[in-house]
Amino acid sequence: MRSAALWRFQIPMEAGVVLRDQRLKQREGLVVRLTQGDAIGWGEISPLPGFSREALPEAQEQAQGWLEHWLAGGDVALPGLPSVAFGLSCALAELKGELPQAANYRAAPLCTGDPDELIIALADMPGEKVAKVKVGLYEAVRDGMVVNLLLEAVPDLQLRLDANRSWTPLKAQQFAKYVNPAHRSRIEFIEEPCKTRDQSREFSRETGIAIAWDESLREEDFIFSAESGVVAVVIKPTLTGSLERVRQQVAAAHRLGQKVVISSSIESSLGLTQLARIAAWLTPDAIPGLDTLSLMQTQLERRWPGSPLPCLNAEQLERIR
Ligand SMILES: O=C(O)CCC(=O)C1=CC=C[C@@H](O)[C@@H]1C(=O)O
Ligand SMILES: [Mg+2]
């Protein structure tokens, strides 16, 4: 006997979360619960504005259509919209006991502003110290100085940087000029430094700074290939699709010797804790990029260990099915 529930959520965000020039005041999405006999599986469907190609109303329509088919029995192919395929495939994987419980909650701390706060957070970080800093929001020269300062202040720090394709070749060069060449190897990678992939490759060749693809993975013409300077790919499952597709992409990158970072699309704690499990399962050697819960004002259904935020239950949300 199958049953299904679907809720809609809105979680207020901390002031000042800016995504691709839009202020994200609240995070919206859907929570799905599938039940079959004694087995239960949960999933989160939350397209990210500015990053997902689908918007929430479309995702909701597709999810509702799929649920009706699933309730009628049998195996139903997953729908095409990435956020919907991801959320439903997580719910199915939990239902079938296919998503291991072990999780990697050691997310790389994310710094979008004050480097002093990051230095304090790093002091408490056990083991390997890895952090992620957003660059490209201010002057490239300032970014270069901040990165240099961090690498000097914390000698065992490895930094991941993310420019979200904001630099021209000139700005990228200005950035690099301020980073002491002796420290450059401690920049684990910069995600998508320049506006085009070719410019990013050129930047890496000229500066010796490693790069990673993130946005590129979701482009039609992207193929996984070994390229000098490209050391990692960033996979955001909500933007990618089903768990099966995520597994295929992880395997493709691993075959090329590239590191895979499972990264957040700013999901609620429900989706984020599932991503921590996916990271432990598929990328056990890499610290995932999941430090985004503190951008929100509440958790949802499942708690992220150590988070002081209050936690809402699905039953407190608006039920739409
Ligand atoms: O990857 C991480 O460590 C955290 C997630 C993160 O940086 C992002 C999530 C969603 C949108 C972007 O602002 C950003 C990214 O581009 O990677
Ligand atoms: Mg990125």
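Residues numbered from 1 in each chain as written. Chains lettered and ligands numbered in written order. Predicted model: local features only at pLDDT ≥ 70, side-chain atom pairs only at ≥ 80, totals over all residues. Heavy atoms only, no water.

Under the annotation held in an unreviewed UniProt entry, the protein chain carries the name o-succinylbenzoate synthase and is attributed to Cedecea davisae. Of the comments in the UniProt record for the protein chain, the one headed Function (unreviewed entry) reads "Converts 2-succinyl-6-hydroxy-2,4-cyclohexadiene-1-carboxylate (SHCHC) to 2-succinylbenzoate (OSB)." (UniProt positions renumbered as here; feature names shortened; annotations may be inferred.)

Q: So what's going on with the sheet that holds strand β1 (residues 2-12)? Residues and values would help.
A: The strand order across the open sheet built from 4 strands is β5-β4-β1-β15, with neighbouring strands paired in antiparallel fashion. A single partner strand is all that each edge strand has here, and the edge strands are β5 (39-45) and β15 (318-319). Pairing geometry for β1 and β15, over 2 bridges, is antiparallel. Within β15, the residue paired with R8 across the bridge is E318. Strands β4 (26-36) and β5 of the sheet are contacted by helix α9 (residues 269-282), whose axis makes an angle of about 105° with β5. (Pairing = 2+ DSSP bridges. Helix = DSSP H or I, 4+ residues; strand = E, 2+ residues; numbered from the N terminus. Contact = heavy atoms within 4.5 Å. Axes fitted to C-alpha atoms, helices over the stretch in contact; angles between N-to-C directions.)

Q: Go over the site of ligand 1 with me, naming the residues and quoting the values.
A: Inspection of the region around ligand 1 gives 14 residues, with K132, D162, N164, K236 and S263 positioned closest. One nitrogen or oxygen atom from the side chain of K134 is found 3.4 Å from an oxygen atom belonging to ligand 1. Within the side chain of K236, an N or O atom sits 2.6 Å from an oxygen atom of ligand 1. Contact with the protein chains removes 95% of the 390 Å² of surface that ligand 1 exposes when unbound. In terms of residue class, the shell around ligand 1 is made up of 3 nonpolar, 5 polar and 6 charged. (Near = heavy atom within 4 Å. Polar contact = N/O pair within 3.5 Å; in protein donor to acceptor, adjacent residues only side chain to side chain. Areas by Shrake-Rupley, 256 points an atom, 1.4 Å probe, with all protein chains shown as cover. Nonpolar A, V, L, I, M, F, W, Y, C, P; charged D, E, K, R; others polar.)

Q: So what's going on with the coordination of the magnesium ion (ligand 2)? Which residues, and what values?
A: Under perfect tetrahedral coordination by four donors, a metal shows angles of 109.5 degrees; under perfect octahedral coordination by six donors, it shows angles of 90 or 180 degrees. In the first shell of the magnesium ion (ligand 2), the protein supplies D162 (OD), E191 (OE) and D214 (OD), at 2.0 to 2.2 Å from the metal. Of note, the magnesium ion (ligand 2) draws all its donor residues from one chain, in the sequence arrangement D-x28-E-x22-D. With D162 in strand β8 (residues 157-162) and D214 in the loop between β10 (211-213) and β11 (230-235), this residue pair connects regions lying 52 residues apart in the sequence. The pair formed by D162 and D214 is uniform in burial state, with each residue classed as buried. (Donors = N, O, S within 2.8 Å, 3.2 Å for Na, K, Ca; no water. Buried < 20%, exposed > 50% of the residue type's maximum accessible area, 1.4 Å probe, protein only.)

Q: Which residues make up helix α1 (residues 56-71), and what are the values?
A: Here α1 is 16 residues long and its end C-alpha atoms lie 22 Å apart, about the 22 Å a rise of 1.5 Å per residue gives. On its buried face, α1 sits against β1, β4, β5 and α2 (82-95). Just beyond α1, the residue with positive phi is G73, at close to 110°. (Expected span 1.5 Å × (residues − 1).)

Q: Break down the sheet that holds β10 for me, citing the residues and quoting the values.
A: Taken in spatial order, the 7 strands line up as β6-β7-β8-β9-β10-β11-β12 in an open sheet, and their pairing is parallel. Looking at which strands have only one partner, the edges of the open sheet turn out to be β6 (110-111) and β12 (259-262). In this structure, β6 lies alongside strand β7 (residues 129-134), joined through 2 bridges in parallel fashion. Across the sheet, residue C111 finds its bridge partner in β7, namely V133. Strand contacts of helix α3 (residues 115-123): β6, β7 and β8, with the helix running at about 160° to β7, the strand carrying the most contacts. Across the sheet, helix α6 (residues 197-207) is in contact with β9 (187-191) and β10; its angle to β10 comes to roughly 160°.

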